[in-house]
Amino acid sequence: MAQTPQSFIEKNKDSTETFYYIIEGDTIPREYIDLEEVVLLNKIEFNSKQDRRRYLILRRKTKKVYPYAKLAAERLTTMSDRLKNIENKRDRKKYTKRVQKYIEEEFSEKLKKLTHTEGQILVKLIHRQTGRTAFELVKELRTGWRAFWYNTTANLFDISLKEEYQPFKEKEDYLIEDILERSFQSNLLERQKPAFEIDYLDLTAHWNSK
């Protein structure tokens, strides 16, 4: 008869928590345990009240703009798949304009209300979900998308459309990924697979080693 897994937690000197799972007499240490694609997350610890406040602000902004990035990825994927089956150049142009108009009506008023930092987070998340920067999408989709994006984000100051999502290089991007993973598991956001692989365990180990 299989033994029921037991676990206990040990506090390390640096205040991180390591989970030890005991399965049939074997002790398996790991900071996170994968169980049917679910990651058990450690409690977040901060070095200061300022760090905690910055994280909470980033969490609020990330949760606000992620649905827009997810929806944009869905619309662009649908458009790209449809265009593969449209050979006539005139029909392709007509269909693209129709989708661009639909995206504009769906996003325009909401995006105009974003702050500069929210707009920049959105640009990063669009890269996460589509694999392309907002700048590349502007070039790819030509005039309609260009006019929509620049008119919509005109109030976002010097926002960079070339910004990429790099959670292994940028600490803020790692924190955004942490926020997303926690929100997915809490059912606060609907999970959408990113355009490129992101291993959350490897990512966390990477930043914990610094």
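Small disclaimer: the values here were computed from a predicted structure and weren't measured.

(A) How the structure looks around the nonpolar core. The biggest cluster of nonpolar side chains holds 31 residues, and the ones touching the most others in it are Val65, Tyr68, Leu122, Leu125, Ile176 and Leu180. At ten residues, the largest contribution of residues to this core is made by helix α1 (residues 49-83). The contact partners of isoleucine 176, leaving out residues within four places of it in the chain, are Leu58, Thr62, Ile121, Leu125 and Tyr165.

(B) Fine view of a positive patch on the surface. Taken together, the side chains of Arg82, Arg90, Lys94 and Arg98 make up a positively charged region of the molecular surface. With three residues, the top contributor of residues to the positive patch is helix α2 (residues 89-111). The topology assignment puts arginine 90 in helix α2.

(C) Structural context of the confidence of the model for the chain. The predicted model of the chain averages 77 in pLDDT, with 71% of residues at 70 or higher. For the chain, per-element mean pLDDT is lowest for strand β1 (residues 6-11), which scores 44, and highest for helix α5 (residues 171-185), which scores 96. Contacts from residues 32-36, a stretch scored under 50 in pLDDT, to residues over four places away or in other chains number 14 contacts.

(D) Geometry of unusual backbone geometry. Phi angles above zero are rare outside glycine, and asparagine 187 is one such case at about 60 degrees. By secondary structure assignment, the location of asparagine 187 is in the loop between α5 and α6 (200-208). A relative accessible area of 68% places asparagine 187 in the exposed class.

(E) Quick peek at the environment of leucine 40. Its location among the elements puts leucine 40 in the loop between β5 (38-39) and α1. Separated by 145 residues in the primary sequence, leucine 40 and glutamine 185 place their C-alpha atoms 9.4 Å from one another.

(F) Structural view of the side chain of threonine 130. Positionally, threonine 130 belongs in helix α3 (residues 116-130). Reaching out from threonine 130, the side chain makes a polar contact with the backbone oxygen of isoleucine 126 at a distance of 2.7 Å. Side-chain polar atoms of threonine 130 contact the backbone oxygen of arginine 132, separated by 3.0 Å. When neighbours within four sequence positions are excluded, threonine 130 is seen to be in contact with Ala73, Leu76, Leu137 and Ala195.

Definitions and cut-offs
Residues numbered from 1 in each chain as written. Predicted model: local features only at pLDDT ≥ 70, side-chain atom pairs only at ≥ 80, totals over all residues. Heavy atoms only, no water. Core = buried A, V, L, I, M, F, W, Y, C linked by side-chain atoms within 4.5 Å. Buried < 20%, exposed > 50% of the residue type's maximum accessible area, 1.4 Å probe, protein only. Helix = DSSP H or I, 4+ residues; strand = E, 2+ residues; numbered from the N terminus. Contact = heavy atoms within 4.5 Å. Patch = residues over 30% accessible without salt bridge, like charges linked within 9 Å, V, L, I, M, F, W, Y side chains within 5 Å. Areas by Shrake-Rupley, 256 points an atom, 1.4 Å probe, with all protein chains shown as cover. Salt bridge = Lys/Arg side-chain N within 4 Å of Asp/Glu carboxyl O. Lys, Arg positive; Asp, Glu negative; His and termini not counted. Charge placed at Lys NZ, Arg CZ, Asp CG, Glu CD. pLDDT = per-residue confidence, 0-100. Polar contact = N/O pair within 3.5 Å; in protein donor to acceptor, adjacent residues only side chain to side chain.

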